Amino acid sequence: MKKLLLCATVLVALLTTSFRLALGLAPGTMSPDERKFALDYYQKTKARLLKDLKGLSEAQMNFRADTGRWSVYECTEHIALSENMMWEWVQMAQKQAAAPEKRGEVKVTTDQLMKMMTDRSHKVKTMPPLEPEKKFPDTKAALDAFTSRRDSTIYYIRSTQDDLRNHFVQAPFGTIDAYQALIMLAAHSERHTLQIEEVPADPNFPKQ
């Protein structure tokens, strides 16, 4: 059975490589569909966050439903901090040698990854460096940091020819490739944008 699975994995890898070569793509680079999907997702999640924050007062930004929940500002700060750290994570993967033999270690599809990341019913404790602790002077500074990093990443996705499918990172739920790590970054911001959208539902949320 194990030999059969190994043969199937090798066959899929060979077919994928052949398909990319037929399109004139180097192995591991994004296909046109992958690039379009990533660009659309990055732009959509950026626009959603900016729309949710538009027009909020300081009282609304800093309202906490209780001590165990984050405010809108704290979610925004966390998104901004994570955006930069997760980008560095992708870049670290790219600096390692390509390892196509590790493709068999990837057990989740990109769709499954996105669903896991945006599932708000599953709570996750963030690491200390990404805890919101007023690391920016105000909301505008946090948002500026987010948009600056996000716009740079969008430019990278639009133009890169990097081998993203044969470089890997270790996520909390297993091995993923660098393309999936890029999608995970945008899905992370979507997760916390969903968290932001939960805050105004509290009956004590300031009206202005």
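Everything numeric in this text was worked out from a predicted model, so none of it was measured.

### Digging into the overall build of the protein
And then number 1: Regarding its fold elements, the protein presents 7 helices and 2 strands.
And then number 2: Along its sequence from the N terminus, the protein presents helices and strands in the succession α-α-α-α-α-α-β-β-α.
And then number 3: Taking all 208 residues of the protein together, 46% fall into the buried category.
And then number 4: In the protein, of all internal contacts separated by at least 6 residues, the share reaching a separation of at least 24 is 80%.

### Structural notes on the pattern of salt bridges
And then number 1: Tallying each qualifying case throughout the model produces 13 salt bridges.
And then number 2: Residue Lys140 is joined to Asp144 by a salt bridge in which the shortest nitrogen-to-oxygen separation is 2.8 Å. With Lys140 and Asp144 both in helix H6 (residues 139–159) and 4 residues apart, the pair spans about one turn of that helix.
And then number 3: A relative accessible area of 57% means that Lys140 is categorised as exposed.
And then number 4: Via salt bridges that share partners, Glu34, Arg103, Arg165 and Asp177 belong to a single interconnected network.

### Comments concerning unusual backbone geometry
And then number 1: For Lys134, which is not a glycine, the phi torsion comes out positive at approximately 55°.
And then number 2: For Lys134, the position within the fold is in the loop between helix H5 (110–118) and H6.

### Quick word on the packing of helix H4 (residues 72–95) against helix H7 (residues 178–198)
And then number 1: Contact geometry for H4 and H7: axes closest at 10 Å, N-to-C directions at 175°. Between H4 and H7, the interaxial angle falls into the category roughly antiparallel. Seen from H4, the contacting residues are Val72, Cys75, Thr76, His78, Ile79, Ser82, Glu83, Met86, Trp87, Trp89, Val90 and Gln94; seen from H7, they are Ala178, Ala181, Leu182, Met184, Leu185, His188, Ser189, His192, Thr193, Gln195 and Ile196.
And then number 2: In terms of residue class, the contact of H4 with H7 is built from 13 nonpolar, 9 polar and 1 charged.

Criteria and cut-off values
Residues numbered from 1 in each chain as written. Predicted model: local features only at pLDDT ≥ 70, side-chain atom pairs only at ≥ 80, totals over all residues. Heavy atoms only, no water. Helix = DSSP H or I, 4+ residues; strand = E, 2+ residues; numbered from the N terminus. Buried < 20%, exposed > 50% of the residue type's maximum accessible area, 1.4 Å probe, protein only. Contact = heavy atoms within 4.5 Å. Salt bridge = Lys/Arg side-chain N within 4 Å of Asp/Glu carboxyl O. Axes fitted to C-alpha atoms, helices over the stretch in contact; angles between N-to-C directions. Parallel < 35°, antiparallel > 145°, perpendicular 65-115°, else oblique. Nonpolar A, V, L, I, M, F, W, Y, C, P; charged D, E, K, R; others polar.

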